[in-house]
Amino acid sequence: MVSVRGLHKWFGPLHVLKDIDLTVAAGEVVVVVGPSGSGKSTLCRCLNRLETAGQGSIEVDGEPLPAEGRALARLRADVGMVFQSFNLFGHRTVLDNVTLGPTRVRRVPRPEARQQAMALLERVGIADKADHFPAQLSGGQQQRAAIARALAMRPKVLLFDEPTSALDPEMVNEVLDVMVSLAAEGMTMIVVTHEMGFARRAADRVVFMDDGRIVESGAPDDFFAAPRTERARDFLSKILQH
Amino acid sequence: MSILKMSHTRRRSLGLTATAVAVALAAAGCGGDGGNTPPALPGNPGLGGDGVVAQSVYDAAPVATDADIPAGSTMDAIRKRGHLIVGGSLDAPLLSQQNPVSGTIEGFDADMAKLLAKYIIGKPEVKTTTIGTQTREAMLQAKSVDAVFQTYTITPQRATQVAFAGPYLTSGLAVGVRKDDTSIKSVKDLAGKTVIVGANTPAVTALPSAAPGSKQVAFGTDPQAVQALLQNRGEAYVQDFTLLASNAKANPGMKVVGEPFTTEAYGIGLNREDAQFKEFVNNWLKKIQADGTWAKVWEGTLGSVVEGGAPTPPVIGSADGS
Amino acid sequence: MDALTAHLSQLGHGLVTTVELTVVTTVGAMLLGIVVATLRIAPVALLRAIGTAYVEVLQNLPLLALLVLFVFALPTIGISFPLFTSAAIVIAAYEGAYLAEAIRAGINTVGVGQAEAARAIGLTFGQSLRHVILPQGLRAVIQPIGNICIALLMNTSLAAAVGVVELTQAANNVNLVEAQPIAVFTGAGLAYMLLALIIGQVTGLLERRLAIVR
């Protein structure tokens, strides 16, 4: 579904992604972990071209990423993204946030789009907040609304860029539960996160990044039980201590 | 020559900006004939004199005796102050226009003001405050200026607000048209037509009765109005006869048709409460009319564009409101 | 007071012209302001340069000079509009530059995350602007936009310099007959003040109605 070959990315003199190769099959759930500044968020953002690749190729569903323009907009419609800071549209109700994409991009008639949106809000558990504005919701509710917004486009792949990092601890689980159920239904997902519990429960594969490179990659049980590299061991010991 | 100091009001300096732009346009060849003729800069017309009153006229001009100036009078205050404060214009060709080279203000109104200053003080010391037609009455009532020399038409309505000495000049409105126009021969032919006028000039109030149904388009300065006529923004330009004559001399594209159709009696605007000063100024006017100074000033200014000699000066007190 | 009441229809016509000029010009300036602000944040460098050049040129010339140039210089190259139209075009173009800057300031208050989220669901640049960025950006600067509209109202009086008989010119014409500047211009001033108050009220109403819940 997603195929990355020899990807490099520079921010000025800073070499943030170094020769990344990554293939994600349809229905696969890949969790990307690693210390801050390891380049995992940048990799995620490159996949729908919110960041442009410096070098290398990215293919989604067999098609190379188009340059700026309508073709890129079409591709992004197929690649959903959930942000760390939710980024719900502040001037629109939760329902209007969810229907905007389908009505404007997919040309779904408004009544149909509303019906589908309500079903999605029902599914993430905030149907009663449909007519509220984002600022009236808790962080967990906002993130679930953002997931509904991404799902409304019926994406082929969903990207999660640290979806729980901005949440109060008591709200983390309500979001993770939604993500786990999505994974169980066969959604192709690439998740950048620090939630090792989620990686254990839902991931097919864990990718460990450090200093712009993919250092290690494997099934979650193997990775957490017996990391092969020194850096992965070091990273795990730091975050699993408490 | 005296050094004239000017104080500009904000609105007036905006007007000057517009004039400067219009002059720049003319200088860029927009309205000119492109030949060797200088561009249309009114105030530098090409007939007879050079538009400047000779120094000898000033030297010979009368000065009031001490007996004419009682202690405590307005004249006394002006003499003690050392200069006359005049409300006027800087952009009226032949009447009151600042010479861009020398900086002095030239024209019939400006020279009359300087001669009045000489009569009171002994020297032609004038401080000119540029004022708009909107502010003349208020400036006189507040005594911000001693006198207004600004082709100020004497009317009964205005005479309820200010006093008029004079009339010191009579003129009339005439009709200017494009050179190739043969359909308009007098003001009567303007009925129902679009007519260009100068904003805040007597033409604004005179046209509705002289040319019924005519539509007015007003422009802020004389060069703009001429440009507008040449650019077909109206069928005719109605303005003071002498000003039109000066424009026609400088612009081959326009001509004056017919005789003046109104009589405008211009007065010197004064504070309404000060009957003593009005009588003093009227006496001065009679003196300079009688000794030929008035005629020399006319010839040096307006006479440079109008053929024939100086007319008979108007009779003091002859206008309704003077 | 007689000076005013005797010329009510003349002053009324001037007032109507002022209102017409203000409304037409405000609509034109808003559309232009949005277009120019969009150019200034466009992803293409050439478009950004055009937007910047527009703002710099128009903000750095006096409105009166623009009016006089437009009315007197364009006919020499064969382009001539009626005077009201000329004044409306020039004032809209001029105020459009100021509105563009206000709108751009509004756009800058919208977080970059909003634009990313809009793009991430497949909206094009134009759709992102229309449905996400501008609705939030404009709400943030309703008050400054209202102030520019009041300045625009006052600037319509400069149209008198190019032959449009609006309120100021009508007051001038009445004063020419009546010679009562204080009464006449106090009346005209009150009319301008009333119009400015109306704009202020509408601005306040819009700001309350359209406030984003935060």
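Residues numbered from 1 in each chain as written. Chains lettered and ligands numbered in written order. Predicted model: local features only at pLDDT ≥ 70, side-chain atom pairs only at ≥ 80, totals over all residues. Heavy atoms only, no water.

K.L.:
Mind laying out the overall build of chain B, listing which residues take part and the relevant values?
P.N.:
A count of helices and strands for chain B gives 11 helices and 14 strands. Split by element, the accessible area of chain B, about 13,100 Å² in all, is 53% carbon and sulfur. (Helix = DSSP H or I, 4+ residues; strand = E, 2+ residues; numbered from the N terminus. Areas by Shrake-Rupley, 256 points an atom, 1.4 Å probe, with all protein chains shown as cover.)

K.L.:
I'd like to hear about the pattern of salt bridges, residue by residue, with values.
P.N.:
All names here are of chain A. Throughout the structure, instances matching the rule amount to 22 salt bridges over all chains. Here Lys 156 ties to Asp 61 by a salt bridge, and the two come within 3.0 Å at their closest N and O atoms. In this pair, Lys 156 sits in the loop between helix H5 (139-151) and strand S7 (157-161) while Asp 61 sits in the loop between strand S4 (55-60) and strand S5 (63-64), placing the two residues 95 residues apart along the sequence. The class for Asp 61 is partly exposed, based on a relative accessible area of 37%. As a salt-bridge pair, Arg 144 and Glu 174 come within 2.7 Å of each other at their nearest N and O atoms. (Salt bridge = Lys/Arg side-chain N within 4 Å of Asp/Glu carboxyl O. Buried < 20%, exposed > 50% of the residue type's maximum accessible area, 1.4 Å probe, protein only.)

K.L.:
Any details on unusual backbone geometry? Residues and values, ideally.
P.N.:
Cis geometry marks the peptide bond from Gly 166 of chain B to Pro 167 of chain B, where omega comes out at 5 degrees. Within the fold, Pro 167 of chain B resides in strand S8 (residues 163-171). Backbone geometry places Glu 162 of chain A, a non-glycine residue, at a positive phi of 45 degrees. Of note, Glu 162 of chain A is situated in the loop between S7 and helix H6 (169-184). Given the relative accessible area of 12%, Glu 162 of chain A is considered buried.

K.L.:
Outline the sheet that holds strand S2 (residues 14-24) of chain A, listing residues and values.
P.N.:
All names here are of chain A. With antiparallel pairing, the 4 strands of this open sheet are ordered in space as S2-S1-S4-S5. Two strands lie at the open edges of the sheet, namely S2 and S5, each paired on one side alone. Alignment of S4 against S5, held across 2 bridges, turns out to be antiparallel. Counterpart to Glu 59 in the pairing with S5 is Pro 64. (Pairing = 2+ DSSP bridges.)

K.L.:
Got a sec to walk through empty space enclosed by the protein? Specific residues and values, please.
P.N.:
Residues and elements named next belong to chain B. Counted by the stated rule, this structure contains 4 cavities of 30 Å³ or more. Here the second largest cavity defines a volume of roughly 90 Å³. Looking at the second largest cavity, it is lined by 12 residues, and the ones nearest its centre are Val 86, Ser 96, Ala 110, Ala 113 and Thr 128. If you list the elements that add at least two residues to the lining of the second largest cavity, you get strand S2 (84-88), helix H4 (108-121) and strand S6 (126-130). (1 Å grid on protein atoms, 1.4 Å probe; cavity = no way out; pocket = protein on both sides within 12 Å on 5 of 7 lines; lining within 4 Å. Points joined across faces, edges and corners; volume = space filled by probe spheres on them.)

K.L.:
Give me a nonpolar patch on the surface: which residues, what numbers.
P.N.:
Among the surface-exposed residues, Leu 194, Ile 198, Val 202, Leu 206 and Leu 210 of chain C lie close enough to one another that they form a single nonpolar patch of about 420 Å² accessible area. When you line up the elements, Leu 206 of chain C lands in helix H10 (residues 181-209). (Patch = residues over 30% accessible without salt bridge, like charges linked within 9 Å, V, L, I, M, F, W, Y side chains within 5 Å.)

K.L.:
Break down the interface of chain C and chain A for me, citing the residues and quoting the values.
P.N.:
Each side of the interface is counted separately: chain C has 21 residues, and chain A has 26 residues. Between chain C and chain A the total buried area reaches about 2,000 Å² when both faces are included, carbon and sulfur atoms providing 61% of it. In this assembly, chain C and chain A are joined by 1 salt bridge. Here Glu 116 of chain C makes a salt bridge to Arg 45 of chain A, at a shortest N to O gap of 2.5 Å. Inspection of the region where chain C meets chain A yields 7 residue pairs in polar contact (both at pLDDT 80 or more). The class makeup of the residues in the side of chain C that touches chain A is 9 nonpolar, 7 polar and 5 charged. (Contact = heavy atoms within 4.5 Å. Buried area = accessible area lost by both parts, 1.4 Å probe. Polar contact = N/O pair within 3.5 Å; in protein donor to acceptor, adjacent residues only side chain to side chain. Nonpolar A, V, L, I, M, F, W, Y, C, P; charged D, E, K, R; others polar.)

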